[in-house]
There are 2 protein chains.
Amino acid sequence: MVGVLQSNGELYRLPSKPQKYTPGGDGGTGLSHVCLERLAYVPTLPEVLRGRHEIVEGDRRECVGGHDIICGLFPHLSNTHNGHAPLRMVQVVSAAATPNNGSAAERPLRLGVVLSGGQAPGGHNVIIGLHDYLQRWHPGSTLVGFLNGPRGVMQNNYKLLQADELDGYRNQGGFHMIGSGRDAIAKPDQLAAAAKTCMEHDLDGLVVIGGDDSNTNSATMAEHFLKNGVKTTVVGVPKTIDGDLKNADVPTSFGFDTACKVYSEMIGNIMIDAMSAKKYYHFIRLMGRAASHVTLECALQTHPQLAVICEEVAAHRWGLKDVVRQVADMVAQRAELGKNFGVVLVPEGLVEFMHDVSALIVELNEIMAMGVNANDQLDVTAHLTAESADLFNNLPPGIRSELLEERDPHGNVQVSHIQTEKLLIKLVGMELMRRKAQGTFRGKFSALSHFFGYEGRCSLPSNFDATYCNALGQTAGCLVAAGQTGLMATVSNLDQPANKWSVGGTPLLSMMHLERRSGRDKPVIKKALVEIHGPAMTSYTSMRAIWAIQDWCRSPGPIQFKGHTSDMANISLALEVNEGHPCLVNEPTDKDN
Amino acid sequence: MVGVLQSNGELYRLPSKPQKYTPGGDGGTGLSHVCLERLAYVPTLPEVLRGRHEIVEGDRRECVGGHDIICGLFPHLSNTHNGHAPLRMVQVVSAAATPNNGSAAERPLRLGVVLSGGQAPGGHNVIIGLHDYLQRWHPGSTLVGFLNGPRGVMQNNYKLLQADELDGYRNQGGFHMIGSGRDAIAKPDQLAAAAKTCMEHDLDGLVVIGGDDSNTNSATMAEHFLKNGVKTTVVGVPKTIDGDLKNADVPTSFGFDTACKVYSEMIGNIMIDAMSAKKYYHFIRLMGRAASHVTLECALQTHPQLAVICEEVAAHRWGLKDVVRQVADMVAQRAELGKNFGVVLVPEGLVEFMHDVSALIVELNEIMAMGVNANDQLDVTAHLTAESADLFNNLPPGIRSELLEERDPHGNVQVSHIQTEKLLIKLVGMELMRRKAQGTFRGKFSALSHFFGYEGRCSLPSNFDATYCNALGQTAGCLVAAGQTGLMATVSNLDQPANKWSVGGTPLLSMMHLERRSGRDKPVIKKALVEIHGPAMTSYTSMRAIWAIQDWCRSPGPIQFKGHTSDMANISLALEVNEGHPCLVNEPTDKDN
């Protein structure tokens, strides 16, 4: 039975009944009852990792774009290295048929692990999966946890991770065991610092748990280490609640499932509140700067009256007026049915996807760089193009001031500080006043705003994320142990229960393309945006006209850890890999009922 | 097996496995998988209500204050009426020993039910409990659901509630089956309209599900009906997520348990995020205008670095500067330990509890009534007392404008529009800048704000609220069937499992006292504020100095409906009625494990 290490060094074993509440922490652990229950959850391990296994090379992969240029920039990763064929995906297969892969593989290893970027539910399980793999197949191995993100690698700030401590984080949310950070390991001095640390620890491998930028850097590090004869291999693990790190080999990034379920729980509650009180529109902004996967999944989970999807806004070159008109049309249509309430979902990145607003922001940044006085709105307007001046003058005064006053250290408009949901509320309100004056709107419009983001990044991982992360960690361990580098760990076949999942790796280079950044083409992992003809978006667009006027609210409720529903992954994944049938971590049993 | 009535009139039976996602709704019901699972939940009914039972009169109760005056204002309720002794609590007891209470009691009844005020999880179960009681003990009864709150009673806007429809709302959140509203039935014409409706329906009883104000009106209605020979009796059910409707006979109001658990899930997630990212203070405003029970319960659930409790602010006559200093002291103390992150909980009613701010608001309201131009801040300041002028001038400009510009229809400051958490962030930031200049603060202060309210009012009720509400509804049915009026339904003995719960009623008058409203003493139900020497507050104050500097974050996780933890009620209740031992709806069984 799993226990938790207490501050007095004794192991606290899980109680069979809920204990008395003591403000110092239940049973002295500081963990809540649900967290304690989650410690005892044992994620299903894919069968292939339970017995002896080996790695086989699979299909060759090309970069998403700029293949030749990227191969030229990563000469070691893109050519044969350490006996591995370049740019090939690899698969972990059962080794039962080939009994003589020697026990030499079982030598103790020295591995490092680092969390990079924003929190996502399941990070601890990746580290624990890695640890469990090492203890099972390479007993006596050392696991070095670098503290507070990539900075910990560069500054050699770390702690050794051991079973007693790790056991207290099984299936728990957060990144607080070793912390995370947003530093990059990309420039020559940063790469040199990382190499020095890896050599000092004599690391066989370094596992980087991060998003697209962090894993772009993983490729750079892998290349740098190969080039400089550093023996440490680098393997990435796909992490981001945004869900925009995926491709044919990587079906999803971890954390997306749980975060969307947390947001959808809240949205569903608010939708039922709107239907009950019948007096408010709730505008809900959701995390997701670059891609709208989170908003789309939440829309499928909850059936709101309207969800703005940035990729669609960009595809149709919609401007702010178009978006405002769409929302106002929906409100007006519902008013005709006597309904003056509803829910609108807005991705936080929206302002950058509306061509007119993004053009205005570019112009404002240029004007400020020219030294125009931000307090003189007339002067500012005089420097704008006619289209931007028109847009700017039609913004509510408060938003105009925000655009001019809130600037980042480089003097640029702080796009992330723009409360898009409040901007929409004001403009939709103004548009409806106009329509009311014209007699084309006879309803009421009273709106409230919400932002959900931080609430979902550190919650207890769903059964899916807990299991997926454990498998990712074990797979990363397996790849590093096999001397693989420049790969991202992959767990696929997600339409099957977890025992049937396939595991392997895909070349980080294969996820890369060239992107214009600061005036130069840079090789970076390509963000996976919402496909506007993909199954999730099609599912939404097929229904949105009905959801706009009907109240087919769907309240997903809180994440469950037991029973029929606990093992279901998110709807987007079900649509993408299983034709809408739920992706179930485990087959339902009668005991669940 | 429970099913859901579909739009085609057929009953949809619960599937044994999760079904394919169809955007029109799972299985055509529009309900999510978790909501479908909840339909099948059967709340435990207190044993006393399972077999034949009868009502016995218990102790006599006095009004909380102004007893004689209130009795004078409610002459019928406070004297013997319809053979019932006045101001006595009643208890429902098993009638096994007295077999000859005739089957005459089983005649079909005609009952009305109305939801009044803000949403609270469990409202549907009250109505369903009422319905189930009638069908069991008075088959053929009619249940009239008045639509959109008290207005539905006055305007005779209703629908008949029948099993097929009700079955689709079992254990579901929201008030959307019949809607709610904030109208009052208090003035003579309103009372007359309500009486007319009750007579038209020939109602034996009307059950009012509401908070303190709604139930004050229930007493007025009960009195009015007795006085005017309207046969309809009136029984109240204690509803409010704020938790401030309780007394010795009413251990808690329904909805508080679930709402606090939803907020605590979010707060716990944010606390873990703060500990992981190590760069932000999160200021979280929570619903609760008059009392801080919600904030206190959330503090016990999550162990934040600081929770402001309004009752304590009032008791010590703390002003804004005192509260700001306390927060700044905590931030400075943590900075010394190298920690520049944490979580602060703020009840939404705080501004009205700080003596200096509430004095300023009173003065501003008077000045505006005098016709002083709100745009002329100098003129406004000239009319303030020295203390208020000093406070006003030290507020950030944005807040000053908000105070002057956002006014309600009566010209008063819109206190509920003041974003207290943002006010605190700004003032704490200014205070810390001052300390930095003085060399007494060497940390960083970067803060984010959140508001949780609407998220918790319509969520799926916890097992506790689902069970408590079902028992309240059944009890209300029992009271009305026995001809009782002017009572609030009570369910007590909550330290025992639900089968052992006691049920009965307590006189609404006994919860009332006299309150100065618009220059007159008005009899109203007294709000139950946080007792600053009560067990919940003592539990918090005993630990807060430690929680301020340690990171003993407790993440309660999402509400569970199965397993050990699902049957635990909130911590405040456990401390108040069970010495900190969990109040469990059902005894844990081995099957839960």
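What you are looking at is a predicted structure, and each value in this text was computed from that prediction instead of being measured.

The rules behind these values
- Residues numbered from 1 in each chain as written.
- Chains lettered and ligands numbered in written order.
- Predicted model: local features only at pLDDT ≥ 70, side-chain atom pairs only at ≥ 80, totals over all residues.
- Heavy atoms only, no water.
- Domains from an automatic or database assignment.
- Contact = heavy atoms within 4.5 Å.
- Salt bridge = Lys/Arg side-chain N within 4 Å of Asp/Glu carboxyl O.
- Helix = DSSP H or I, 4+ residues; strand = E, 2+ residues; numbered from the N terminus.
- Nonpolar A, V, L, I, M, F, W, Y, C, P; charged D, E, K, R; others polar.
- Phe/Tyr/Trp six-rings, centres within 6.5 Å; stacked < 30°, edge-to-face > 60°.
- Buried < 20%, exposed > 50% of the residue type's maximum accessible area, 1.4 Å probe, protein only.
- Lys NZ or Arg CZ within 6 Å of the ring centre and 35° of its normal.
- Pairing = 2+ DSSP bridges.
- Axes fitted to C-alpha atoms, helices over the stretch in contact; angles between N-to-C directions.
- UniProt positions renumbered as here; feature names shortened; annotations may be inferred.
- Core = buried A, V, L, I, M, F, W, Y, C linked by side-chain atoms within 4.5 Å.
- Disulfide = S-S within 2.5 Å.

Some points on the domain arrangement of chain A
Step number 1: Each assigned domain of chain A is listed with its residue range as follows: domain 1 (1-40), domain 2 (62-89 + 110-255 + 461-525) and domain 3 (257-456).
Step number 2: Measuring from the centre of the C-alpha atoms in domain 1 of chain A to the corresponding centre in domain 3 of chain A gives 44 Å.

With respect to the interface of chain A and chain B
Interfaces are often sized by the amount of accessible area the parts lose when they come together.
Step number 1: In this complex, chain A contributes 84 residues to the contact, which on the side of chain B involves 84 residues.
Step number 2: The tally of links between chain A and chain B comes to two salt bridges.
Step number 3: Residue B:Arg457 pairs with A:Asp273 through a salt bridge whose shortest N-O separation is 2.7 Å.
Step number 4: For the side of chain A that touches chain B, the secondary structure elements donating two or more residues are α1 (33-39), α8 (256-277), β13 (447-452), α18 (454-457), α20 (535-549) and α21 (571-578) of chain A.
Step number 5: Considered class by class, the residues forming the side of chain A that touches chain B number 34 nonpolar, 32 polar and 18 charged.

Describing the packing of aromatic side chains
Step number 1: Scanning the entire structure with this criterion turns up 17 aromatic pairs over all chains.
Step number 2: Geometrically, the ring pair formed by B:Tyr468 and B:Trp501 is edge-to-face, given 6.3 Å between the ring centres and 85° between the ring planes. Taken together, the positions of B:Tyr468 in helix α19 (residues 463-481) and B:Trp501 in the loop between β14 (487-492) and β15 (502-507) put the pair 33 residues apart, joining distant regions of the chain.
Step number 3: What makes B:Tyr468 buried here is its relative accessible area of 0%.
Step number 4: The exposure class of B:Trp501 is buried, given its relative accessible area of 3%.
Step number 5: Taken together, the ring pairs in this structure connect A:Tyr280, B:Phe451 and B:Tyr454 into an aromatic cluster.
Step number 6: A cation over an aromatic ring shows up here: A:Arg38 above the ring of A:Tyr41, its NZ or CZ 4.2 Å from the ring centre.

A look at the sheet that holds strand β11 (residues 306-307) of chain A
Residue and element names in this part refer to chain A.
Step number 1: As summarised here, the arrangement of the four strands in space is β11-β12-β10-β13, forming an open sheet in which the pairing is parallel. Since the sheet does not close on itself, it has two edges, and those belong to β11 and β13, each with one partner.
Step number 2: Where strand β10 (residues 281-286) meets strand β12 (residues 342-347), six bridges bridge the pair, whose relative direction is parallel. Opposite Arg285, over in β12, you have Val346 as the bridge partner.
Step number 3: Those strands touched by helix α11 (residues 320-336) are β10, β11 and β12, and its axis lies near 150° from that of β10.

Focus: the sheet that holds strand β10 (residues 281-286) of chain B
Residues and elements named next belong to chain B.
Step number 1: Spatially, β11-β12-β10-β13 is the arrangement adopted by the four strands of the open sheet, whose pairing is parallel. Looking along the sheet, the strands with just one partner apiece sit at the ends: β11 (306-307) and β13 (447-452).
Step number 2: Across the sheet, helix α17 (residues 420-438) lies against β10, β12 (342-347) and β13, angled at about 165° from β13, the strand it touches most.

Focus: helix α9 (residues 293-302) of chain B
Residue and element names in this part refer to chain B.
Step number 1: Across the 10 residues of α9, 10 count as buried, placing the element largely inside the fold.
Step number 2: What α9 keeps buried is the set His293, Val294, Thr295, Leu296, Glu297, Cys298, Ala299, Leu300, Gln301 and Thr302.
Step number 3: Taken together, the buried residues of α9 touch α8 (256-277), β10, β11, β12, α20 (535-549) and α21 (571-578).
Step number 4: Of the residues one or two after α9, His303 is the one with positive phi, at around 60°.

Side note on the UniProt feature "binding site: Mg(2+)" (unreviewed entry) in chain A
Residue and element names in this part refer to chain A.
Step number 1: Here the UniProt-annotated "binding site: Mg(2+)" (unreviewed entry) positions come out as Asp212.
Step number 2: Residue placement: Asp212 occurs in helix α7 (residues 212-227).
Step number 3: Residues within four places of Asp212 in sequence aside, it is in contact with Leu245, Ile525 and Lys527.

Description of the nonpolar core
One broad rule of soluble globular proteins: the nonpolar side chains tend to lie buried together.
Step number 1: Membership of the largest hydrophobic core comes to 233 residues, with the highest contact counts inside it found for A:Ile127, A:Tyr263, A:Ile267, B:Ile127, B:Tyr263 and B:Ile267.
Step number 2: Apart from the residues within four sequence positions on either side, A:Ile267 is in contact with A:Ile284, A:Leu286, A:Cys298, A:Thr302, A:Val343, A:Leu345 and A:Phe452.

Points about the pattern of salt bridges
Residue and element names in this part refer to chain A.
Step number 1: In this structure the tally under the stated criterion is 56 salt bridges over all chains.
Step number 2: A salt bridge links Arg435 to Glu431; the nearest nitrogen and oxygen atoms lie 2.8 Å apart. Placement of the pair is Arg435 and Glu431 together in helix α17 (residues 420-438), with a separation of four residues, close to one helical turn.
Step number 3: According to the relative accessible area criterion, Arg435 is buried, its value standing at 11%.
Step number 4: A relative accessible area of 18% places Glu431 in the buried class.
Step number 5: Bridged by salt links that share partners, the residues Arg107, Asp202, Asp204 and Lys231 form one connected network.

Some remarks on the state of the cysteines
All names here are of chain B.
Step number 1: Overall, the coordinates contain zero disulfides over all chains when judged by the stated rule.
Step number 2: Its sulfur unpaired, Cys298 is 4.8 Å from the next cysteine sulfur, which belongs to Cys260.
Step number 3: The class for Cys298 is buried, based on a relative accessible area of 0%.
Step number 4: This cysteine, Cys583, is not joined by any disulfide, and Cys260 carries the nearest cysteine sulfur, 14 Å off.
Step number 5: By relative accessible area, Cys583 is classed as buried at 1%.

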